[in-house]
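Observations on the model geometry
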Amino acid sequence: MPAVIDSSPECVTNEVGTEDARVEDSADFVLQANYEDCAGFMTFGPGSVYGDEGTAAETAYYILTWLGIAFMVAALIAWVVFEHRHLIAYAAGHIRGGRGGTSA
Amino acid sequence: MINFVIAQVESLEDAASAESQVLDSVILGEQFYFFTVALMWLIHVGFMSYETGVARRKNALATAMKNILTIAVVTPSFYYFGWWIYNCNQPGLPIGPNSTDFTSAACQGGIPWSDLFGPNLTNNINLIFFLAFLLFSWTTASIMSGAVIERIRLSAYLLLAVMLGSAVWILDAAWGWSAGGWLTLRFGFHDAIASLVVHGIAGAFALGVVFNLGPRIGKYTREGLTRVFKPHNLHMTLMGLMLLFTGFYGFYAACLVIASTTFPGWANIYLSPTTLGSIAMIITFGFAGGFTGGYFASRGDPFWTISGGLAGVIGVSAGADVYAPTLGYLLAAATAALTVWAGQWIEVRMRVDDAVGAIAVHGVAGFLGVLWVGVFAAGYPTGLNNVDSSIGGQLMGMATFLPLGFLSGWGASLVLKKLGLLRVPLEVELDGLDVAEYVPDLYLPEIAKADEILVEPDGTEVGASQVLPGEARELVR
């Protein structure tokens, strides 16, 4: 079944080693053969190779990172706006005598 | 499967090889930091319980929510720019991943799109080390949170927490709490377990914030005398501090660098040798001395006795990698006593309303901690340049970090104040933040209806509802 979003870097291969593992379940434990050309293999990552850590990210990962930053900033702004409206509404209701107590 | 096991046994022949040893060491280090991270969560359980217990009943839930949401905002912000600040600003200016500065390799792993920020078979340490620092960041932000409870807006606190937890403290850590920091390389600044770079800076930042935030309604009489707001649950506060103390062992351990294949196996953050046992010894003697100093300085006050334990540990943290146990014990007792007096002076003389004494316990004790190193532990080679620790180097660090902490807290909170976003409306503060933001009352109705008690300057106890509305009307006028 095809993946909806294939986000694994190109250096990750598929199927390599699985045949051996079926024959003798010792071989290629955790299917390392699929990763032998790949050091970093996170989703949307650049898929750096051994000895070349920290290479520039691919466009997809930059986009993902900036999406995260945008979400974080939006959440902080939303917190400010949401709470401000909430508090002002409460204070206004208090002045009208509609809600709130006086317990100190 | 048996073949696999046999193969593993055969492979043990190679276990003594240098390569295997290095790999074992790296994986041991990864596990070590993981468990320090788990242990440091207790610091946040502790902060939450501590502050919630100190808060009045009407603000208990709002206080706890503030601590919980610290994690929600500091975690992503520290990932997106905090780790970059630490790894790319140690020389004093931002450097790029391709810089010729020797810290550029670390800078490479600090940018958020580095492929070291995911599963990477060449590096087991970057992520778990990041997480240890992240927990330090939560701690730093949480130190400020206690000082501002019961009147700050949640959103204002969260913005300030991001600034303190993901920018201010980590910048000072880059400069003075790293092997390549300019304060370390040039002046031998020595703050091994973060007396100043975590606690002191947070205390200075909190002081700047409370200057703009102002005291809680009714904290001071119209004549400027001090009222006492009783903690609504002192047991919760004491338990919170004990949890925090437990988490501190994780904090202390996480401040070390582990290198199990290289004698002596441990180094402080400046890569100078120490041992895990020695710092654990100092933290324990720090508690002992701190409790003792706090008890006698406060004449047996439970709150200041246990806070003295915290102040004592903070006071010996900077030199915990080299102190003799007796020196740690005595310095902790002295730090705690001075902190108690400083806390009372801040509250009564400065009229700064710090509900949990954070400015004294973390700020004053943190600055004293690095001062003690200059006085009692000079001459220890520190940092990659092996510059001796000295009173001059310690004072240079203090002179750098005091304005960094205070002015950033003061400036940021001033902007929020001008925008009308710093403090909750007066009506909300009187009714309690819980009723305005969350639920009518956290407690059972029969308890919720009881008036809360405050202590007047002359020692008489009165119902808060008899005093605070009048004080609020006075503020409106």
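Residues numbered from 1 in each chain as written. Chains lettered and ligands numbered in written order. Predicted model: local features only at pLDDT ≥ 70, side-chain atom pairs only at ≥ 80, totals over all residues.

**A closer look at the overall build of chain B**
From N to C terminus, chain B includes 18 helices and seven strands. A principal-axis box enclosing the C-alpha atoms of chain B has dimensions of 80 × 50 × 40 Å. Across the 477 residues of chain B, 58% fall into the buried class. (Helix = DSSP H or I, 4+ residues; strand = E, 2+ residues; numbered from the N terminus. Buried ≥ 20, exposed ≤ 12 C-beta atoms within 10 Å, placed from the backbone.)

**A word on the overall build of chain A**
Each helix and strand in chain A was counted, giving two helices and zero strands. Evaluated residue by residue, chain A yields a buried proportion of 20% over its 104 residues. Considering only intrachain contacts with a sequence separation of at least 6, the fraction spanning at least 24 residues in chain A is 27%. (Contact = placed C-beta atoms within 7 Å.)

**Here we look at the packing of helix α3 (residues 60-88) of chain B against helix α6 (residues 154-176) of chain B**
Residues and elements named next belong to chain B. The geometry of α3 relative to α6 is characterised by a closest axis approach of 8 Å and an angle of 35° between their N-to-C directions. When the axes of α3 and α6 are compared, the crossing they make is right-handed. Between α3, through Met65, Lys66, Leu69, Thr70, Val73, Val74, Ser77, Phe78, Phe81, Gly82, Ile85 and Tyr86, and α6, the contact on the second element is made entirely by Leu154, Tyr157, Leu158, Ala161, Val162, Gly165, Ser166, Ala167, Ile170, Leu171, Ala173 and Ala174. (Axes fitted to C-alpha atoms, helices over the stretch in contact; angles between N-to-C directions. Left-handed = near helix turned anticlockwise from the far one by under 90°.)

**Observations regarding the nonpolar core**
In terms of nonpolar packing, the biggest core is built from 156 residues, with B:Met144, B:Leu160, B:Ala161, B:Leu164, B:Ile201, B:Phe205 and B:Ala206 touching the most fellow members. Sort the elements by how many residues they give to this core and α6(B) lands first, with 17 residues. (Core = buried A, V, L, I, M, F, W, Y, C linked by C-beta atoms within 7 Å.)

**Focus: the environment of B:Gly109**
Residues and elements named next belong to chain B. As for its placement among the helices and strands, Gly109 is situated in the loop between α4 (104-108) and α5 (126-147). According to the C-beta neighbour criterion, Gly109 is buried, with 24 such atoms within 10 Å. Sequence separation of Gly109 and Tyr80 is 29 residues, and the distance between their C-alpha atoms is 12 Å.

**Considerations on the sheet that holds strand β7 (residues 461-463) of chain B**
Residues and elements named next belong to chain B. Taking strand neighbours across the sheet as the criterion, the three strands line up as β1-β6-β7 in an open arrangement whose pairing is antiparallel. With one partner strand each, in any of the chains shown, β1 (228-229) and β7 form the two edges of the open sheet. Sheet topology places β1 next to strand β6 (residues 453-455); two bridges connect them, and they run antiparallel. The partner of Val228 across the bridge, within β6, is Val455. (Pairing = 2+ DSSP bridges.)

**Examining α6(B)**
All names here are of chain B. Over its 23 residues, α6 extends 31 Å from the first C-alpha to the last, a length consistent with the 33 Å expected when each residue adds 1.5 Å. Where α6 bends most, the angle comes to about 35°, and this point is Leu164. The element α6 is largely enclosed, with a buried count of 22 among its 23 residues. (Expected span 1.5 Å × (residues − 1). Bend = angle between axes of the 7 residues up to and from the residue.)

**Some words on the packing of helix α12 (residues 325-348) of chain B against helix α13 (residues 358-376) of chain B**
Residues and elements named next belong to chain B. It is at 9 Å that the axes of α12 and α13 come closest, and there the two elements cross at 140°. Classified by the angle between their axes, α12 and α13 sit oblique to one another. In the crossing of α12 with α13, the sense of the turn from one axis to the other is right-handed. In this structure, α12 contributes Leu327, Leu331, Thr335, Leu338, Thr339, Ala342, Gly343 and Ile346 to the contact, and α13 contributes Ile359, Ala360, Val361, Val364, Ala365, Leu368, Trp372 and Phe376. (Parallel < 35°, antiparallel > 145°, perpendicular 65-115°, else oblique.)

**Quick look at the confidence of the model for chain A**
Chain-level statistics for chain A give a pLDDT mean of 74 and a share of 63% at 70 or above. For the stretch residues 100-104 of chain A, pLDDT sits under 50, and the model shows 20 contacts to residues farther than four places along the chain or on other chains. (pLDDT = per-residue confidence, 0-100.)

**Things to note about helix α10 (residues 276-297) of chain B**
Since one α-helical turn is 3.6 residues long, residues separated by three or four positions face the same way. The end-to-end C-alpha separation of α10(B) is 31 Å, in line with the 32 Å expected for 22 residues at 1.5 Å each. Once α10(B) finishes, B:Arg299 follows within two positions and takes phi at roughly 55°, a positive value.

**A look at the environment of B:Ile111**
Mapped onto the elements, B:Ile111 comes out in the loop between α4 and α5. C-alpha of B:Ile111 to C-alpha of B:Trp83: the two residues are 28 residues apart in sequence and 7.2 Å apart in space.

**Here's the deal with the confidence of the model for chain B**
For chain B, mean pLDDT is 90; residues scoring 70 or higher make up 93% of the total. As a predicted assembly, this complex carries a pTM of 0.90 together with an ipTM value of 0.85.

**Focus: the environment of B:Thr70**
All names here are of chain B. Note on placement: Thr70 falls in helix α3. Looking at Thr70, the number of C-beta atoms within 10 Å reads 26, which means it is buried. As a C-alpha pair, Thr70 and Gly312 span 242 residues in sequence and 26 Å in three-dimensional space. With residues near it in sequence (within four places) discarded, Thr70 still touches Trp138, Ala141, Ser142, Ser145 and Ala161.

**A word on unusual backbone geometry**
Even without being a glycine, A:Phe44 presents a positive backbone phi close to 65°. What makes A:Phe44 buried here is the crowd of 20 C-beta atoms within 10 Å. For B:Leu271, which is not glycine, the phi dihedral falls at a positive 65°. Note on placement: B:Leu271 falls in the loop between β3 (266-267) and α10. Taking the number of C-beta atoms within 10 Å as the measure of exposure, B:Leu271 has 15 and is therefore partly exposed.

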